[in-house]
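Structure assessment
Now for the letters of each chain:
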Amino acid sequence: MQDKLKHLLHEIISSKKTVFYRNQRYTLMNPSLDIILEADLVYTQYYNNHLYDDRFLHLENITNDLIRYGIFFPDNEEEIKTKNKELDNLKKTLFRQYKDNNAKNICKRKIKFLKDQLNKLYNLNHYLDFLTLEKYCENLRYEYIICNTLHEYHSNKLVFNYSNLYSNEADLFNGLIDAITEKFIDLSTLKKIVISEYWRNIYTNNKNNIFSGPAIEYTDEQKSLINLSAMYDHIYQHPDCPDDEIIKDEDALDGWMLIQKDKIRKQKVQSGVNSRMSAKVAKSDHVFIPTSEAPDEIQDIIALSEPGGGLNGLNRLDTLSKRN
Amino acid sequence: MARMYYALQSVQHNSTPLYGIQSIGASSAGNVTPIFQLGMQGLYGSYSSDDEPIEITISKQLDGRPLIYDTLTGGANDRIQFNFWTAAGEASGGNNDGQTDKSLVMPKYKVSSVSYTFDVDGVGTEEVTIIGDGLTADNTLTRALMSSSIVSPADLATRARVKQINGGSPQGYQSVTFTYNLNLENLYTLGKFTAEERYSPGPSETTIEFVESVEYMEAMGSSAAETIGGCTQTAIGGGSPKSIELCDGTKISVLKAVSTSTSYAGGGTDGSPLLKTSSWTAYDDFAVVGP
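From a predicted model like this one, the values you see are computed outputs, not experimental measurements.

**A look at the overall build of chain A**
Helix and strand content of chain A: 16 helices and 4 strands. Considering chain A as a whole, with its 324 residues, one finds that 18% of them fall into the buried category. Long-range contacts, defined as pairs at least 24 residues apart, comprise 68% of the intrachain contacts of chain A with a sequence gap of at least 6.

**A short note on the overall build of chain B**
Each helix and strand in chain B was counted, giving 2 helices and 20 strands. Long-range pairs, those at least 24 residues apart, make up 68% of the contacts in chain B with a sequence separation of at least 6.

**Notes on the pairing of strand β3 (residues 21–28) of chain B**
Among the 8 residues in β3(B), 7 count as buried, and that is most of the element. Examined bridge by bridge, strand β4 (residues 286–290) of chain A and β3(B) share 3 bridges and lie antiparallel to one another. Bridged to Phe288(A) within β3(B) is Ile24(B). Of the strand pairs in this sheet, β3(B) and strand β6 (residues 54–61) of chain B are connected by 7 bridges, and their pairing is antiparallel. Among the inter-strand pairings, Gly25(B) is bridged to a residue of β6(B), identified as Thr57(B).

**Some points on the packing of helix α2 (residues 33–49) of chain A against helix α6 (residues 133–149) of chain A**
Residue and element names in this part refer to chain A. Axis separation between α2 and α6 bottoms out at 9 Å; the angle between their running directions is 150°. As judged from the angle between their axes, α2 and α6 are roughly antiparallel. Between α2 and α6 the crossing geometry is right-handed. On α6, the residues touching Ile35, Glu38, Ala39, Asp40, Val42, Tyr43, Tyr46 and Tyr47 of α2 are Leu133, Cys137, Leu140, Arg141, Tyr144, Ile145, Asn148 and Thr149.

**With respect to the nonpolar core**
Ala7(B), Leu8(B) and Ile24(B) are the most contacted members of the largest nonpolar core, which totals 56 residues. Take this core: its biggest share by element is 6 residues, from strand β1 (residues 4–13) of chain B. Those residues in contact with Ile24(B) that sit more than four places away from it in its chain are Val281(A), Phe288(A), Leu8(B), Val11(B), Ile56(B), Thr57(B) and Ile58(B).

**Re the sheet that holds strand β3 (residues 150–152) of chain A**
All names here are of chain A. If you walk across this open sheet you meet the 3 strands as β1-β2-β3, and the pairing is antiparallel. Where the open sheet ends on each side, the last strands, each with one partner, are β1 (16–21) and β3. Averaged over neighbouring strand pairs, the angle between their axes works out to 30° when direction is ignored. Here β1 runs beside strand β2 (residues 24–29); their pairing, made up of 6 bridges, is antiparallel. Its bridge partner being in β2, Lys16 is matched across the sheet by Met29. Sitting on the sheet, helix α8 (residues 170–182) touches β1, β2 and β3, and the angle it makes with β1 is about 130°.

**Quick notes on the pairing of strand β9 (residues 109–119) of chain B**
Residue and element names in this part refer to chain B. Examined bridge by bridge, β9 and strand β10 (residues 125–132) share 8 bridges and lie antiparallel to one another. Note that in β10 the partner of Lys110 across the bridge is Ile131. Looking at chain direction, β9 and strand β13 (residues 173–181) are connected through 7 bridges and run antiparallel. Bridging across to β13, Tyr116 finds its partner in Phe178.

**Some points on the packing of helix α9 (residues 187–194) of chain A against helix α11 (residues 220–237) of chain A**
Residue and element names in this part refer to chain A. Put simply, α9 and α11 touch, their axes get as near as 10 Å, and they point 60° apart. In terms of their interaxial angle, α9 and α11 are classed as oblique. By crossing handedness, the relation of α9 to α11 is classed as right-handed. Listed contacts from α11 to Leu190, Lys191, Ile193 and Val194 of α9 are Ser224, Leu225, Leu228, Ser229 and Tyr232. Of the residues assigned to the contact of α9 with α11, the class counts are 6 nonpolar, 2 polar and 1 charged.

**Some points on the environment of Gln45(A)**
In this fold, Gln45(A) is placed in helix α2. It is 9.0 Å that separates the C-alpha atoms of Gln45(A) and Cys137(A), two residues lying 92 residues apart in sequence.

**So, unusual backbone geometry**
A cis amide bond links Gly202(B) with the next residue in sequence, Pro203(B), at an omega value of -5°. Within the secondary structure, Pro203(B) sits in the loop between β15 (197–199) and β16 (205–213). Even without being glycine, Asn23(A) reaches a positive phi, approximately 60°. Here Asn23(A) shows up in the loop between β1 and β2. According to the C-beta neighbour criterion, Asn23(A) is exposed, with 5 such atoms within 10 Å.

**Section: the confidence of the model for chain B**
All names here are of chain B. Taken residue by residue, chain B gives an average pLDDT of 81. The fraction at 70 or more is 80%. Across chain B, element-level confidence peaks in β13 with a mean pLDDT of 95 and bottoms out in helix α2 (residues 214–219) with 61. Throughout residues 89–99 the model reports pLDDT below 50, and contacts reaching past four residues in sequence, or to other chains, amount to 17 contacts. Residue range residues 220–237 is modelled with pLDDT below 50. Its contacts to residues more than four positions away, or to other chains, number 17 contacts. Scored as a complex, the prediction yields pTM 0.69 and ipTM 0.79.

**Quick word on the confidence of the model for chain A**
Residues and elements named next belong to chain A. With 93% of its residues at a pLDDT of 70 or more, chain A shows a mean pLDDT of 88. The low-confidence segment residues 309–313, where pLDDT is below 50, has 14 contacts with residues more than four positions distant or belonging to other chains. Across residues 320–324, confidence stays below pLDDT 50; counting only partners more than four residues off in sequence or on other chains, it has 18 contacts.

**Considering the environment of Ile80(A)**
The residue Ile80(A) is located in helix α4 (residues 74–96) in this model. Through-space distance from the C-alpha of Ile80(A) to that of Leu121(A) is 7.0 Å; in sequence the pair is 41 residues apart.

Here is what the cut-offs are and how they apply
Residues numbered from 1 in each chain as written. Chains lettered and ligands numbered in written order. Predicted model: local features only at pLDDT ≥ 70, side-chain atom pairs only at ≥ 80, totals over all residues. Helix = DSSP H or I, 4+ residues; strand = E, 2+ residues; numbered from the N terminus. Buried ≥ 20, exposed ≤ 12 C-beta atoms within 10 Å, placed from the backbone. Contact = placed C-beta atoms within 7 Å. Pairing = 2+ DSSP bridges. Axes fitted to C-alpha atoms, helices over the stretch in contact; angles between N-to-C directions. Parallel < 35°, antiparallel > 145°, perpendicular 65-115°, else oblique. Left-handed = near helix turned anticlockwise from the far one by under 90°. Core = buried A, V, L, I, M, F, W, Y, C linked by C-beta atoms within 7 Å. Nonpolar A, V, L, I, M, F, W, Y, C, P; charged D, E, K, R; others polar. pLDDT = per-residue confidence, 0-100.

Following this line, the structure appears as structure tokens:
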């Protein structure tokens, strides 16, 4: 395991982060339940007092606002869905063709391109979020927590006083917020930590008692670490567990999981369909199952066909017609 | 062959939609027959029998609406139409906005068998098998859209809706099955691959099966005090009438059925009830009255 990942893991386990800003060292502690409760009150109080304040937009109407300002269009929403489906299909293809280096590289390039496109669309979709009351209140909550958990390293004193935060320390505060934001660990890095030998050794020793204190006091990263570890446990214990190289490749592993999900969904649909078929119908080559017009439902039924189903199947049925 | 599944929108007899359809199965015996000749290892020739008749079985829950058997034996020039959804983008110009994407029609068919099953679990079912020469695509026909109007069952044939069995109380009966089979055969002629006509060489057979709880019948002092031990009761007077009648007026009956077998199961140390299964057969004797 790389030293950087080890250090990140140590920080996660210690429930605190070391932050450097302008040659000073700070420590960000995990907020206690009391601090979180107070922060919730800050959120609620401001939210209720400004619910009808015209200066704020609201998250529930944000899509309409985005359309009104010509930033995001209904087509974009459809595009996100289509691209997400395309991305899922690419991940499945990546898993299936992982041994073929050429195909793998092409898939990876396409996946990267699609992810970039999706990120742009997501950014557009959240372009006005910072103007919403909800987002503003969320920031207030976050600021409250930072003020009450950020300490000077040597004196161990709180750096800020929330009541006069903006009076004379705004610059320092904003700078430190940026430094703290940089310390957040993204999902990909967390996954790398979770599959590392170093963490697996710690985790398998005592899965239920790794971090001190009750689960409610775990940091978000600690919770993610536990959840991801449980997810990888399921993968390792699966009868069709993929190779290590697949497990290490986030996209290929996503592809494997999507295929497993499809299999389970197909089994559920098949079992529902079986319960509707009489013994005689069940022996037929072509089975017609009534469905609504919902595209997912239609797709689920057609997907039960063995290769060659769908419209080809319909055409095949069609061609069974007479030839005098 | 690989089994295919299709998303069905509706089934119509001429322009009338059929309600309560659960599933439909279609099969064809069509295949390629290879021909070899002596002195040659490879294929000498082959012929396709793709034009074998298609057999379609339609399964319906009895719901107080007209029976499929009644509907399909209506009259001449009848056609049965299957309307399918296709997956998005699968058909050129396909859509899912309230219009089906493809219809297949069987213009000439004959009912080959029909079966009615009533059980203490679930809803009574009707299963009709038809045989026809083929399904042809026809997207010019008007389609019945089931999803555009919500239609509830008129009277679901649950166990509580069975009014009479064999002219008496249905109490004690666990399940009843009537199967009427015309044993259709194809009449071929030279110069034509497909069947010229389909006919029943006769006699048409109706088989009936009753499953009854023996303990219940004895406790009630039923007259069905047959000897337990697998003895077959001889039908008296050349056969006895068998029937089942639902509260909605549906009645399936034969006039003269003869017993073919009786067997007993259950009554073991596990506490399972003793059940009597009796099978009966009638020939050229079957009547159905719809709701």
